[in-house]
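Survey of secondary and tertiary structure
So you can see what is in the structure, the chains are spelled out below.
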Amino acid sequence: MTDVPATSNGTVLQAVYRNGPLSRAQLAEVTGLSKASISNLTRGLLTEGWLTEASAPRSGRGQGRPHVLLDVNPDHGWFAGVRIDEDSMRLALTDLKGNGERSLVVPIEHEPQELAELIGQQLGALASREKIPRARLLGLGIAVSGIVDHRTGICHHSANLGWRDVPIGELA
């Protein structure tokens, strides 16, 4: 799978995600990019499957060619989330638009270091159950109660879990 660079492609995807569906002209206006740049960028994003096209409904007499709207392709990828509680963890998958949550609750009695393997196994099982190719999993977020440094990925203290200085970022 091609990663979307955090440059113009990312700008286009963000604009469509936040404001979409949009025509190419609207996209140029929203992003401040030239129409030629929008045409080139969207061609690549369409080819790679990040965006889809749909005709806009006609208004009035409907003369001329209808605008082609661009939207995020929700099936292009999935995000995973894991919430770790005292005695269980909840794993969830959502498509690129945050729709269609599929989830699984798993009891846990493991030390933090053992959770990484369990998370991988259970996400694989959930993706398989939902017929989502593992290659389509684009990102993972892990939530725990406590004091977590998001820059280092270290949970400095979680009273509920009995954790101190656990590198939860490495669990991903």
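Residues numbered from 1 in each chain as written. Predicted model: local features only at pLDDT ≥ 70, side-chain atom pairs only at ≥ 80, totals over all residues. Heavy atoms only, no water.

With that settled, the discussion passes to the pattern of salt bridges. Taken as a whole and judged by the stated rule, the model has seven salt bridges. Between lysine 97 and aspartate 71 there is a salt bridge whose closest N-O contact spans 2.8 Å. Residue lysine 97 is located in the loop between β5 (88–95) and β6 (102–107), and its partner aspartate 71 is located in strand β3 (residues 68–72); the two are separated by 26 residues in the primary sequence. Look at aspartate 71 and you get buried, because its relative accessible area is 17%. In this structure, the salt-bridge partner of arginine 151 is aspartate 149, at a minimum N-O distance of 3.9 Å. Given the relative accessible area of 69%, arginine 151 is considered exposed. Of the residues examined, aspartate 149 reaches a relative accessible area of 18% and is grouped as buried. Taken together, the salt bridges that share partners define one network made up of Arg102, Arg129 and Glu130. (Salt bridge = Lys/Arg side-chain N within 4 Å of Asp/Glu carboxyl O. Helix = DSSP H or I, 4+ residues; strand = E, 2+ residues; numbered from the N terminus. Buried < 20%, exposed > 50% of the residue type's maximum accessible area, 1.4 Å probe, protein only.)

Counting residues in hydrophobic clusters, the biggest one holds 23 residues, and the most contacted among them are Ile84, Met89, Leu93, Leu115, Ile119 and Trp163. Contributing elements (two or more residues each) for this core: β4 (78–84), β5, α4 (112–129) and β10 (163–166). Broken down by element, this core gets its largest block of residues, six residues, from α4. Residue contacts for leucine 93: discarding those within four places in its chain leaves Trp78, Phe79, Ala80, Gly100, Glu101, Arg102, Leu123, Leu126, Ala127, Ile132 and Leu137. (Core = buried A, V, L, I, M, F, W, Y, C linked by side-chain atoms within 4.5 Å. Contact = heavy atoms within 4.5 Å.)

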